[in-house]
Amino acid sequence: LGGGWIESLERAVKTRTDIGLGVGFLSPRPLKPFDIDGVRYYPICNSGGPARRWFGRLTGAYPLQQDLKSMLEAITDFNPDLVHVHGTETHFGLVQKHTPVPVLVSIQGNLAACIEKYYGSIPRGRYLRYLRPRHFYSFDNPYFHGAKMRKRAPDEKAILGLSRHVAGRTVWDRDVTQIGRAHV
């Protein structure tokens, strides 16, 4: 299909006249849902202002209740047969606790597995000595990326524990989805 995998999937689904497509996406500011080429787009605004974005970058936290409200509004408006959540590294898969609509979660990696090897054999603190001030202000550095992964890993485990429908491509994907899943 070509292009990025999400764009490729969208193009493939759009060719089907018997399938309606709604796409939720993160937006830095509140927007109303809109249509382009037969696809309904639902902006999920989690900005909360500059201070909230800065705090989120620092802690890896995200405004779950605000995003959840936006996701549930999109689901109610679109009335899908299926919700497809791409990845477990953010909180979107938690929506399945709040909707009767089946949710398919695609595996794109696993934070708990990545955290184990993220720094390799280099002590975490050693990264700090090589960072410039701009890396601290922007939180764009390996130390903060690792901290965000550690913060989000419990939600990922909860998502996998809730998930009744999981898609992956590899044996590793299948094995990693067993984390926290009692009903598999």
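Residues numbered from 1 in each chain as written. Predicted model: local features only at pLDDT ≥ 70, side-chain atom pairs only at ≥ 80, totals over all residues. Heavy atoms only, no water.

1. Things to note about the environment of Gly 87
How we decide: Helical segments are the DSSP runs of H or I of at least four residues, strand segments are the runs of E of at least two, and each set is numbered from the N terminus. Contacts between residues were defined by any pair of non-hydrogen atoms, one from each residue, lying within 4.5 Å.
Tracing the backbone through its elements, the reader meets Gly 87 in the loop between strand E4 (83-86) and strand E5 (103-106). When near neighbours in sequence (up to four residues on either side) are disregarded, Gly 87 contacts Val 105, Ser 106 and Gln 108.

2. Some thoughts on the confidence of the model for the protein
Short version of the rule: For every residue, the pLDDT score states the predictor's confidence, bounded by 0 at the bottom and 100 at the top.
Per-residue pLDDT for the protein has a mean of 81; in total, 84% of the residues score no lower than 70. Confidence, read as mean pLDDT per element, is least for helix H2 (residues 49-59) in the protein (61) and greatest for strand E2 (residues 34-36) (95).

3. Considerations on unusual backbone geometry
Rules: Summary of the burial criterion: residues with accessible area below 20% of their type's maximum are buried, those above 50% are exposed, and those between are partly exposed, where the area comes from a 1.4 Å probe applied to protein chains only.
A positive phi angle, close to 50°, is found at Asp 37, a residue other than glycine. You can see Asp 37 is positioned in the loop between E2 and strand E3 (39-45). Judged by relative accessible area, Asp 37 falls into the exposed class, the value being 63%. Within the chain, Asn 79 stands out as a residue other than glycine whose phi angle is a positive 55°. By the element assignment, Asn 79 lies in the loop between helix H3 (64-78) and E4.

4. Thoughts on the side chain of Ser 106
Applied cut-off: The term polar contact refers here to a pair of N or O atoms within 3.5 Å; inside protein, the definition further demands a hydrogen-donor-capable atom paired with an acceptor-capable atom, and it admits residues adjacent in sequence only when both atoms are side-chain atoms.
Structurally, the position occupied by Ser 106 is in strand E5. Judged by its relative accessible area of 12%, Ser 106 is buried. Within polar-contact distance, the side chain of Ser 106 engages the side chain of His 84 at 2.5 Å. Contact partners of Ser 106, with chain neighbours within four places excluded, come to His 84, Val 85, His 86, Gly 87, Thr 88 and Ala 167.

5. Focus: the pattern of salt bridges
We apply this condition: Think of a salt bridge as a Lys or Arg side-chain nitrogen and an Asp or Glu carboxyl oxygen that are within 4 Å of each other.
Evaluation of the coordinates by the stated rule reveals five salt bridges. With a shortest N-O distance of 3.0 Å, Arg 40 and Asp 35 are connected by a salt bridge. Taking relative accessible area as the criterion, Arg 40 reaches 22% and is therefore assigned partly exposed. Notably, a salt bridge pairs Asp 175 with Arg 174, separated by 3.4 Å at the nearest N-O pair. Each member of the salt-bridge network shares a partner with another, and the members are Asp 35, Arg 40 and Asp 77.

6. Quick look at the packing of aromatic side chains
Defined as follows: Aromatic rings from Phe, Tyr and Trp, taking only the six-membered ring of Trp, are treated as a pair when their centres fall within 6.5 Å; an angle between ring planes under 30 degrees marks them as stacked, one over 60 as edge-to-face, and anything in between as tilted.
With the rule as written, the count across this model stands at four aromatic pairs. On the basis of an interplanar angle of 80° and a centroid distance of 6.3 Å, the ring pair of Tyr 42 and Phe 78 is categorised as edge-to-face. Separated by 36 residues along the polypeptide, Tyr 42 in strand E3 and Phe 78 in helix H3 bring together distant segments of the chain. Its relative accessible area of 6% is what places Tyr 42 among the buried residues.

7. Quick look at the nonpolar core
What counts, and what does not: Only buried Ala, Val, Leu, Ile, Met, Phe, Trp, Tyr and Cys residues count toward a nonpolar core, and they belong to the same one when joined by side-chain atoms within 4.5 Å.
Grouped together as the largest cluster of nonpolar side chains are 13 residues, with contacts concentrated most on Met 71, Val 83, Val 85, Val 95 and Val 103. Here this core gets three residues from one element, more than from any other, and that element is H3.

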